[in-house]
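Each chain is listed here by its residues.
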Amino acid sequence: MPLLSGTRDWKAEFEFDPGHVFLNHAAFGPVTKRGRLAVESLMQRWGRLTPGADVDDETFAMLESAKSRFARLIDADPTRVAFAPNTSYGINAVLWGLNLQRGERILLPEVEFPALVYAVKGISRQLGLEFESLPCPNGFLTAGTLERALSRPASVLALSWVQYFNGYRYDLSEIVRICHEKRCFVLADGIQGVGAVPLDVHETGVDALACGAQKWLFGQTGSGFFYIAPNPIRSVEPLQSGWLGVDWGYRFGNLKNWEQREYEDGRRWEVGTYPFFSIRFAETGLAVLEECGKQQVWQNVQTLRERLASHLTDSAYRPVVFSDEGNRSGIMVLEGPRTSELHSQLREQHIHTALRENRIRVAPHFYNSEDDIDTLVHGIRQFEATL
């Protein structure tokens, strides 16, 4: 049965084949029905050269709408948000925009997702920075470890707000407080949390955050956003320039005028032609989330996560549950024997989860129901009977 209040059938926003249970939003999100229709409309118009509204006008309007929706989702000023084709683009744009100098130090938890790892390793190698991986024996960075690491000057801490392999959610406010006391910039990868867990970037004080739209936001690959605070602990400037980083008034009939004013908001980071189709998926996905309401989304996700944990208390597949509710997220992982085989069997039963670091990762969203969780538990119990 559905959990959200009201009479609206939120699952009707999607087009799943009957019998499928999708619990894999930490890997990718399904496309909304309205997103598919928007993209098909554009494809039809381009393919047939159908008369209608100017595609540029429509796309730029949708881009600004998508950025505004994302800004509201994280309680940010829309002028501080820029469009990006993926999380890695936003991470690199911020890192390179910090104008780091040889010998400066970047900190990174040792359990990070590769998007951060390779971005930090790459800039460290090219600029001669000191890159330090911080120990996380319990699967996450502790405040004590961070404080000890900051006993020596560090310029940047880069970390995921929510960890991909265990669902641990950092208290960003505490992380930022510790770092800012030592003048250390905080860059967060938000892709595993934004859209499932409410976030107020002003309240946390985080300096920058990057987030792809293809997971919890129901966008598709080729879309995402990044945010830079109005007054970060260290200034960030675009490393690159391009023709769409300046103000043409969205009119392109006089492109020989090379004296256009550079944008002062997030648009100055957007240097080239946009992925029109991806923008439509992102905008429509964010619209559905906004209509539901982020507190309702989080309430439903928590309820489903708790139901799964309570139904597996005596199972060989143990849910990893963090004692502090503030460290929990939309992700729950299950530890146990032969997880690769279990994952394969669940997939054969059309129950969509993920296998990460020898754990079953479960990531429900707002439209999932108690029946979906019960179907998953039934599949686990069936496999467990064969052990």
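All residue numbers refer to positions counted from 1 along the written sequence of the respective chain. Side-chain atom pairs in this predicted model are given and counted only at pLDDT of 80 or more, local residue features only at pLDDT of at least 70, and totals for whole chains, interfaces and linings cover all residues. For the side-chain quantities, the full set of heavy atoms in the structure was used; hydrogens and water were omitted.

Points about the overall build of the protein chain
Step number 1: Runs of H or I in DSSP of at least four residues are treated as helices and runs of E of at least two as strands, each being numbered from the N terminus. On a plain count of helices and strands, the protein chain comes out with 11 helices and 13 strands.
Step number 2: This radius of gyration counts C-alpha atoms alone. The globule rule is 2.2 Å times how many residues there are, raised to the power 0.38. In summary, the protein chain has a C-alpha radius of gyration of 22 Å against a globular reference of 21 Å for 387 residues, a match within 12%.
Step number 3: Seen along its three principal axes, the alpha-carbon backbone of the protein chain occupies a region of about 70 × 60 × 35 Å.
Step number 4: Of the contacts made within the protein chain by residues no fewer than 6 positions apart, 74% connect residues no fewer than 24 positions apart.
Step number 5: Surface accessibility follows the Shrake-Rupley procedure with a 1.4 Å probe radius. Residue values consider only the protein chains on display as shielding. When the accessible surface of the protein chain is split by element, carbon and sulfur atoms take 50% of a total near 17000 Å².
Step number 6: Charge assignment in this entry is limited to Lys and Arg as positive and Asp and Glu as negative, and neither His nor the chain termini are counted. Note that the charge is assigned to NZ on lysines, CZ on arginines, CG on aspartates and CD on glutamates. Taking the average location of the 40 positive side-chain charges in the protein chain and that of its 48 negative ones, the two points are 3 Å from each other. A contact between two residues is defined here by any heavy atoms of the two lying within 4.5 Å.

As for the sheet that holds strand β10 (residues 332-335)
Step number 1: In space, the four strands of this open sheet follow the order β9-β10-β13-β12, with antiparallel pairing throughout. The open sheet has two edge strands, β9 (318-319) and β12 (354-356), and neither has a second partner. What makes two strands pair is DSSP finding at least two bridges between them.

Describing a negative patch on the surface
Step number 1: There is a patch of like negative charges on the surface, built from Glu147, Asp171, Glu174 and Asp324.
Step number 2: Mapped onto the secondary structure, Asp171 falls in the loop between β5 (156-160) and α6 (172-180).
Step number 3: Judged by relative accessible area, which is 39%, Asp171 ranks as partly exposed. A patch is a set of surface residues, each over 30% in relative accessible area and not in a salt bridge, joined within 9 Å for like charges and within 5 Å for the nonpolar side chains Val, Leu, Ile, Met, Phe, Trp and Tyr. Note on definitions: salt bridges are taken to be side-chain nitrogens of Lys or Arg within 4 Å of carboxyl oxygens of Asp or Glu. Exposure categories follow from relative accessible area, calculated using a 1.4 Å probe and restricted to protein chains: below 20% of the type maximum is buried, above 50% is exposed, and the middle band is partly exposed.

Looking at α6
Residues spaced three or four apart along an α-helix face the same direction, because each turn holds 3.6 residues.
Step number 1: Within α6, the full set of buried residues consists of Leu172, Ile175, Val176, Ile178 and Cys179. Each buried residue of α6 lies within a common arc of 165° when the element is viewed along its axis, so the set occupies one face.
Step number 2: In the core, the buried residues of α6 are packed alongside α5 (143-149), β5, β6 (185-189) and α7 (201-204).
Step number 3: Polar contacts, as counted here, are pairs of nitrogen or oxygen atoms within 3.5 Å of one another; within protein the pair requires one atom able to donate a hydrogen and one able to accept it, and residues that are adjacent in sequence qualify only if both atoms are side-chain atoms. With a side-chain oxygen lying 3.1 Å from the backbone nitrogen of Ser173, the N-terminal cap of α6 falls on Asp171. An arc is given here, and it is the one of the directions from the helix axis to the C-beta atoms.

Some details on the pattern of salt bridges
Step number 1: For the structure shown, the criterion picks out 32 salt bridges.
Step number 2: Here Arg45 makes a salt bridge to Glu58, at a shortest N to O gap of 2.9 Å. Of this pair, Arg45 sits in helix α1 (residues 33-48) while Glu58 sits in helix α2 (residues 55-73), and the two are 13 residues apart along the sequence.
Step number 3: As a salt-bridge pair, Arg305 and Glu325 come within 3.0 Å of each other at their nearest N and O atoms.

Details of the packing of helix α10 (residues 339-348) against helix α11 (residues 370-384)
Step number 1: Here, axes are lines fitted to C-alpha atoms. For helices the fit covers the stretch in contact, and angles between N-to-C directions go from 0 to 180 degrees. Two elements in contact, α10 and α11, have axes separated by 10 Å at closest approach and are oriented at 130°. Put simply, α10 runs oblique to α11. Note that α10 runs across α11; the crossing there is right-handed. Each of Glu341, Leu342, Gln345 and Leu346 in α10 lies in contact with α11, whose residues at this interface are Leu376, Gly379, Ile380, Gln382 and Phe383. Reported orientations rely on four angle classes, namely roughly parallel under 35 degrees, roughly antiparallel over 145, roughly perpendicular from 65 to 115, and oblique for the rest. Crossings are sorted by hand: turned counterclockwise from the far helix by less than a right angle, the near helix makes the crossing left-handed, and turned clockwise it makes it right-handed.

Observations regarding the sheet that holds strand β2 (residues 81-84)
Step number 1: Reading across the sheet, the seven strands line up as β2-β8-β7-β6-β5-β3-β4 and stay open at both edges, with mixed pairing between neighbours. The sheet is open, and its two edges are formed by β2 and β4 (130-134), each paired on a single side. This sheet shows a mean twist of 20° between the axes of neighbouring strands, independent of strand direction.
Step number 2: Where strand β3 (residues 105-109) and β5 come together, two bridges link them in parallel fashion. Residue pairing in the sheet places Leu107 in a bridge with Leu157 of β5.
Step number 3: Across the sheet, helix α4 (residues 114-127) lies against β3, β4, β5 and β6, angled at about 160° from β3, the strand it touches most.

Structural notes on the environment of Lys182
Step number 1: You can see Lys182 is positioned in the loop between α6 and β6.
Step number 2: On the accessibility criterion, Lys182 (48% relative accessible area) is partly exposed.
Step number 3: Each C-alpha atom of the pair Lys182 and Ala154 lies 7.8 Å from the other, and the pair is 28 residues apart in sequence.
Step number 4: Excluding its chain neighbours within four sequence positions, the residues that come into contact with Lys182 are Leu150 and Ala154.

Regarding α10
Step number 1: Those residues of α10 that sit buried are Thr339, Leu342, His343 and Leu346. For α10, the angular spread of buried residues about the axis comes to 100°, placing them on one side.
Step number 2: Buried positions along α10 lie against β10, β11 (351-352), β12, β13 (359-362) and α11.
Step number 3: Just beyond α10, the residue with positive phi is His350, at close to 65°.

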